[in-house]
Amino acid sequence: MSSSTTVRTARRRTLRIAAAALVAAAGLTLTACSGSDAADAKSAGHTSTSSDGKESPVAKIGTNSVAADKQSGGAQSARAKTGSPVRAQTLVDGSTAKIYDLGSQRYRAEIVSDGSVVATMETTGQDADAGLDANGMYVVLTMGGEVHSWMGGEHQGPGTFKLTGGWTAKVTKVGELRYRAQIIGHDGVAATLETKGHDVGVDANGVYIVLSAGGVISAHK
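Below or above, wherever it landed, is the structure these notes cover. (Residues numbered from 1 in each chain as written. Predicted model: local features only at pLDDT ≥ 70, side-chain atom pairs only at ≥ 80, totals over all residues. Heavy atoms only, no water.)

**A short note on the overall build of the protein**
- Along the backbone of the protein there are 1 helix and 16 strands.
- Among the 221 residues that make up the protein, the fraction classed as buried is 50%.
- As presented, the protein carries roughly 9,500 Å² of accessible surface, and 47% of it is formed by carbon and sulfur atoms. (Helix = DSSP H or I, 4+ residues; strand = E, 2+ residues; numbered from the N terminus. Buried < 20%, exposed > 50% of the residue type's maximum accessible area, 1.4 Å probe, protein only. Areas by Shrake-Rupley, 256 points an atom, 1.4 Å probe, with all protein chains shown as cover.)

**Comments concerning the sheet that holds strand E16 (residues 216-220)**
- Reading across the sheet, the 4 strands line up as E9-E16-E15-E14 and stay open at both edges, with antiparallel pairing between neighbours. In this open sheet, the two edge strands, each paired with only one partner strand, are strand E9 (155-156) and strand E14 (200-204).
- By the bridge criterion, 2 bridges tie E9 to E16 in an arrangement that is antiparallel. Residue His155 lies in a different strand from E16, and its bridge partner there is Ile217. (Pairing = 2+ DSSP bridges.)

**Brief notes about the nonpolar core**
- Residues Leu163, Val171, Ile183, Ile209, Leu211 and Ile217 are the most contacted members of the largest nonpolar core, which totals 19 residues.
- Counting only elements with at least two residues in this core, the list comes to strand E11 (168-175), strand E12 (178-185), strand E13 (188-194), E14, strand E15 (207-211) and E16.
- Leu163 has contacts with His155, Ala169, Ile183, Ile209, Ile217 and Ala219, leaving out every residue within four places of it along the chain.
- Among the nonpolar cores identified, the runner-up in size contains 16 residues, and Ala97, Ile99, Ile111 and Val139 belong to it. (Core = buried A, V, L, I, M, F, W, Y, C linked by side-chain atoms within 4.5 Å. Contact = heavy atoms within 4.5 Å.)

**Topic: the sheet that holds strand E4 (residues 106-113)**
- As summarised here, the arrangement of the 4 strands in space is E2-E3-E4-E5, forming an open sheet in which the pairing is antiparallel. Whereas interior strands pair on both sides, the edge strands pair on one side only; in this sheet they are strand E2 (87-90) and strand E5 (116-122). The average angle at which neighbouring strand axes cross in this sheet is 25°, direction not considered.
- In the sheet, strand E3 (residues 96-103) pairs with E4 via 7 bridges, with the strands oriented antiparallel. Looking at E4, one finds that Lys98 is bridged to Glu110. (Axes fitted to C-alpha atoms, helices over the stretch in contact; angles between N-to-C directions.)

**A look at the side chain of Arg108**
- Relative to the assigned elements, Arg108 resides in strand E4.
- Apart from the residues within four sequence positions on either side, Arg108 is in contact with Lys98, Ile99, Tyr100, Leu102, Thr120, Met121, Glu122 and Leu141.

**With respect to the pattern of salt bridges**
- Counted under the stated rule, the structure contains 4 salt bridges.
- Across the pair Glu122 and Arg106 runs a salt bridge, and its minimum N-O distance is 2.3 Å. With Glu122 in strand E5 and Arg106 in strand E4, this residue pair connects regions lying 16 residues apart in the sequence.
- By relative accessible area, which is 31% here, Arg106 ends up partly exposed.
- Among the salt bridges present, the one from Glu110 reaches Arg108, with a minimum N-O distance of 3.8 Å. (Salt bridge = Lys/Arg side-chain N within 4 Å of Asp/Glu carboxyl O.)

**So, the environment of Ile99**
- With respect to the helices and strands, the residue Ile99 is situated in strand E3.
- Given the relative accessible area of 0%, Ile99 is considered buried.
- With residues near it in sequence (within four places) discarded, Ile99 still touches Pro85, Val86, Arg87, Gln89, Tyr107, Arg108, Ala109, Gly145 and Val147.

**Examining unusual backbone geometry**
- Omega for the peptide link from Gly157 to Pro158 comes to 0°, which places this bond in the cis form.
- By the secondary structure assignment, Pro158 is in the loop between E9 and strand E10 (159-162).
- Of note in the backbone geometry, Leu177 takes a positive phi value of approximately 55° without being a glycine.
- Among the residues examined, Leu177 registers a relative accessible area of 43% and is labelled partly exposed.
- With a phi close to 55°, Asn205 is a non-glycine residue in the positive phi region.
- With respect to the helices and strands, Asn205 occurs in the loop between E14 and E15.

**Looking at the pairing of E11**
- As defined by bridge partners, E10 adjoins E11 across 4 bridges and the pair is classed as antiparallel. The residue of E11 that forms the bridge with Phe161 is Ala169.
- What sits between the antiparallel neighbours E10 and E11 is a turn of 5 residues, in which Gly165 has the positive phi angle 85°.
- The antiparallel hairpin formed by E11 and E12 contains 2 residues in its connecting segment, where Leu177 sits at a positive phi of about 55°.

Below is the structure:
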């Protein structure tokens, strides 16, 4: 997404954080998390433009279009109880994400390395994606059950940083293991991410952003 991206967001949203469990294995310590408490999308039924006539990127935060589940609630419940993943996906570092459909737009991803689960992340089903800084590998689990992973592109907050897709992130420290990142487009703040002792992540119209509990922010398109 660039600064000329047509805005598809038609309302301002608030993102809620879903806590994700941390599991340590094989000497690897990871912090798992979910999307932030406060993510706002600009309200508009048209394209947002800046004063110079350029279209502004506005995040469609945590509102991924999800097709209606064709399976019954009973089938979803049975699948969740049996613990069978709907699919497995290889991540950029060679580990595997096993994705479970928990129903009601809730998904869980177990990160497996060398046969052991080293981290778990889960969406809330309430307009909240999940994010993870896995020792330099960044992972976003969306409300639609999609997993995106990448390495690099990190910035250490506090500070103001240019992100991919035409975004700017203003990262401030607001407490112990607590950072806030304002995601800014041409028209101002489009979303806010905040950690509360764990990482957070978001799908901003195809630009995936993770803010770690240590104030590291990274984005990937």
